[in-house]
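# Survey of secondary and tertiary structure
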Amino acid sequence: METVLSGIRSTGHLHLGNYFGALRNYIKMQDEYNCYFFIADLHSLTTHPHPADFHAGVRTILAEYLAAGLDPDKSALFVQSDIPEVSELYVLLNMIAYKGELERTASFKDKVRKQEDNVNAGLLTYPVLMASDILIHRANKVPVGKDQEQHLEIARVLARRFNKLYGADVFPEPQAFNFGSDLIKVPGLDGSGKMGKSEGNGIFLYDDEKSIHKKVMKAVTDSGPTEPNSKMPESIENIFTLLKIVSTPDTVAHFTEVYNNCSIRYGDLKKQLATDICKHTLPIRERIEEIYNDSDYLRKVAKAGCEKARESAQATLKEVRAAVGIKSF
Ligand code: ADP
Ligand code: TRP
């Protein structure tokens, strides 16, 4: 059976980008694959969260994973920092990752622009840690959103390079995965490219009905089309992209038609979009609080996930150490 692995950084609540770009695929994959899903808490250190908030961030994502439908009886759910083998593999992979190729990563260049006073080495080697997460379980498929494609390419390059350099066949090459279609990018409704935590434009699974309506009603629009069948500006296209993700084909067809014949009322479009977002998120929201407060349950889940993940990680690391030539006396 093929192995699946993916993770989300613990830097806030899960938003629609995380859910539709990644998590929804995790949930669907649980029955067919050997699944590992984790919380990338070490990755979140690249932006220096306060120690007092660190654990709560991990707990939030674990509770939201479970509320959204990840099943600890089917998948290993664990915390990245509970698996020390990942950090050891990270050290070893750093020795075969080159500065130039890491500097060329779009996400690194983006961070350099956004946090120029904190360009730490962890940011530069972010994709190496991500490759370690993936390769330590020899994952074949990695469900992620479109923004992670380049990181997956680096994981493949490192897998190939390691196997070649050490003349060993330790790592398979992991592929990004989305059920039956291309990887997706969930847009923000503020006229910017993607929805993201650091973009400050998130609509969260944790948001209540009122805040979802409020956020959607604030979406950037224009004065409306004046010519039939005119090309949509980006901000309107973003609303339609989200509508296609959350609404029925009939609803999408209706609003496309009224856009094309210039009778669209953006207020109606937004109201429908907010209602349809709520249909997906409110049932999840209902479960989050209860799970978040159930410390015994969370401990049990994280412990079982850690045991399963460490067993797999230790088996890989043993082969890795042997390939590199590391031996104990
Ligand atoms: P964020 O981008 O909000 O900081 P992460 O970087 O931790 O969240 O992303 C976790 C997962 O969610 C990744 O698989 C990523 O591809 C996916 N993801 C995040 N934002 C989006 C988006 N706007 N559209 C599609 N997928 C997304
Ligand atoms: N880099 C991913 C993101 O920001 C999170 C992540 C860390 C990840 N390690 C991973 C995703 C391993 C998939 C597999 O979205």
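This text goes with the structure placed above it.
Each value, and the rule that gives it
- Residues numbered from 1 in each chain as written.
- Chains lettered and ligands numbered in written order.
- Predicted model: local features only at pLDDT ≥ 70, side-chain atom pairs only at ≥ 80, totals over all residues.
- Heavy atoms only, no water.
- Helix = DSSP H or I, 4+ residues; strand = E, 2+ residues; numbered from the N terminus.
- Rg over C-alpha atoms; globule rule 2.2 N^0.38 Å.
- Buried < 20%, exposed > 50% of the residue type's maximum accessible area, 1.4 Å probe, protein only.
- Areas by Shrake-Rupley, 256 points an atom, 1.4 Å probe, with all protein chains shown as cover.
- Lys, Arg positive; Asp, Glu negative; His and termini not counted.
- Charge placed at Lys NZ, Arg CZ, Asp CG, Glu CD.
- Near = heavy atom within 4 Å.
- Polar contact = N/O pair within 3.5 Å; in protein donor to acceptor, adjacent residues only side chain to side chain.
- Nonpolar A, V, L, I, M, F, W, Y, C, P; charged D, E, K, R; others polar.
- Disulfide = S-S within 2.5 Å.
- Core = buried A, V, L, I, M, F, W, Y, C linked by side-chain atoms within 4.5 Å.
- Domains from an automatic or database assignment.
- Contact = heavy atoms within 4.5 Å.
- Salt bridge = Lys/Arg side-chain N within 4 Å of Asp/Glu carboxyl O.
- Pairing = 2+ DSSP bridges.
- Right-handed = clockwise from strand over helix to strand, strands pointing away.
- Phe/Tyr/Trp six-rings, centres within 6.5 Å; stacked < 30°, edge-to-face > 60°.
- Lys NZ or Arg CZ within 6 Å of the ring centre and 35° of its normal.
- Axes fitted to C-alpha atoms, helices over the stretch in contact; angles between N-to-C directions.
- Parallel < 35°, antiparallel > 145°, perpendicular 65-115°, else oblique.
- Left-handed = near helix turned anticlockwise from the far one by under 90°.

Attention now moves to the overall build of the protein. Along its length, the protein carries 14 helices and five strands. Relative to the globule expectation of 20 Å for 329 residues, the C-alpha radius of gyration of the protein, 21 Å, shows essentially globular dimensions. Projected onto the principal axes, the alpha-carbon positions of the protein cover approximately 80 × 45 × 40 Å. Within the protein, the fraction of its 329 residues that count as buried is 49%. Here the protein has roughly 16000 Å² of accessible surface; of this, 51% comes from carbon and sulfur atoms. Taken as two groups, the 41 positive and 44 negative side-chain charges of the protein have centres that lie 3 Å from each other.

Taken together, 18 residues surround ligand 1, and among them Arg-9, His-15, Gly-145, Asp-147 and Val-186 come closest. Residue Asn-18 places a side-chain N or O atom 3.0 Å away from an oxygen atom belonging to ligand 1. A distance of 2.8 Å separates a nitrogen atom of ligand 1 from a polar atom in the backbone of Met-195. Put simply, the parts of the chain that give the shell around ligand 1 at least two residues each are strand 1 (3–9) and helix 1 (16–29). Examining the composition of the shell around ligand 1, we find that four residues originate from one element, helix 1, more than from any other. Considered class by class, the residues forming the shell around ligand 1 number six nonpolar, seven polar and five charged.

Attention now moves to the state of the cysteines. Under the counting rule described, the total for this entry stands at zero disulfides. Summary of cysteine pairing: Cys-35 is not part of a disulfide, and the nearest cysteine sulfur, belonging to Cys-306, is at 18 Å. With relative accessibility at 0%, the residue Cys-35 sits in the buried group. Looking at Cys-306, the relative accessible area reads 15%, which means it is buried.

With that out of the way, let us pick up the nonpolar core. If you look at the biggest cluster of nonpolar residues, it comprises 59 residues, and the most contacted ones within it are Leu-23, Tyr-65, Phe-240, Leu-273 and Ile-277. Among the elements that make up this core, the one with the highest residue count is helix 13 (residues 266–292) (nine residues). Residue assignment places this core across two domains, with domain 1 (3–185 + 294–324) and domain 2 (209–289) each supplying three or more. Residues within four places of Leu-23 in sequence aside, it is in contact with Leu-14, Asn-18, Tyr-65, Ala-68, Leu-70 and Leu-205.

So, about the site of ligand 2. Lining the immediate environment of ligand 2, one finds 14 residues, of which Gly-7, Tyr-126, Met-130, Asp-133 and Gln-148 sit closest. Here Asp-133 contributes a side-chain N or O atom positioned 2.7 Å from a nitrogen atom of ligand 2. Between ligand 2 and the protein, one listed contact pairs an oxygen atom with a side-chain N or O atom of Gln-148 at 3.1 Å. Within the complex, the protein chains bury 91% of what would otherwise be the 360 Å² of accessible surface of ligand 2.

On to unusual backbone geometry. Its identity as a non-glycine residue notwithstanding, Asn-229 has a phi of 55°, on the positive side. Topologically, Asn-229 is positioned in the loop between helix 10 (209–217) and helix 11 (234–246).

Another point: the pattern of salt bridges. Enumeration over the complete set of coordinates arrives at 19 salt bridges. For the salt bridge of Arg-156 with Glu-153, the shortest nitrogen-to-oxygen distance reads 2.8 Å. Separated by three residues within a single helix, Arg-156 and Glu-153 lie in helix 9 (residues 149–165), roughly one turn from each other. Residue Arg-156 is classed as buried on the basis of its relative accessible area, which comes to 13%.

For the rest of this paragraph, the subject is the pairing of strand 1. Burial of strand 1 is extensive: five of the seven residues sit out of reach of the surface. Sheet analysis places strand 1 next to strand 2 (residues 34–40), joined by seven bridges and oriented parallel. When the bridges of strand 2 are listed, Ser-6 appears paired with Phe-37. As a crossover connection, the stretch from strand 1 through helix 1 into strand 2 is right-handed.

Right, let's get into the packing of aromatic side chains. Per the stated rule, a full pass over the model turns up ten aromatic pairs. Between Tyr-19 and Phe-20 the ring centres are 4.9 Å apart and the planes differ by 75°, which places this aromatic pair in the edge-to-face class. Residues Phe-177 and Phe-179 carry aromatic rings whose centres are separated by 5.3 Å and whose planes lie at 75° to one another, so their mutual orientation is edge-to-face. Grouping aromatic residues by their ring pairs yields a cluster made of Tyr-26, Phe-37 and Tyr-65. The aromatic ring of Tyr-206 is capped on one face by Arg-285, whose charged end is 5.3 Å from the ring centroid.

Packed helices, taken two at a time, are described by the angle between their axes plus the distance between the axes. Between helix 3 (residues 51–68) and helix 13, whose axes approach to 8 Å, the crossing angle comes to 130°. For the element pair helix 3 / helix 13, the angle class is oblique. In this structure, helix 3 meets helix 13 at a crossing whose hand is right-handed. Facing helix 3, whose interface residues are Ala-56, Arg-59, Thr-60, Ala-63, Glu-64, Leu-66, Ala-67 and Ala-68, helix 13 presents Ile-284, Arg-287, Ile-288, Ile-291 and Tyr-292.

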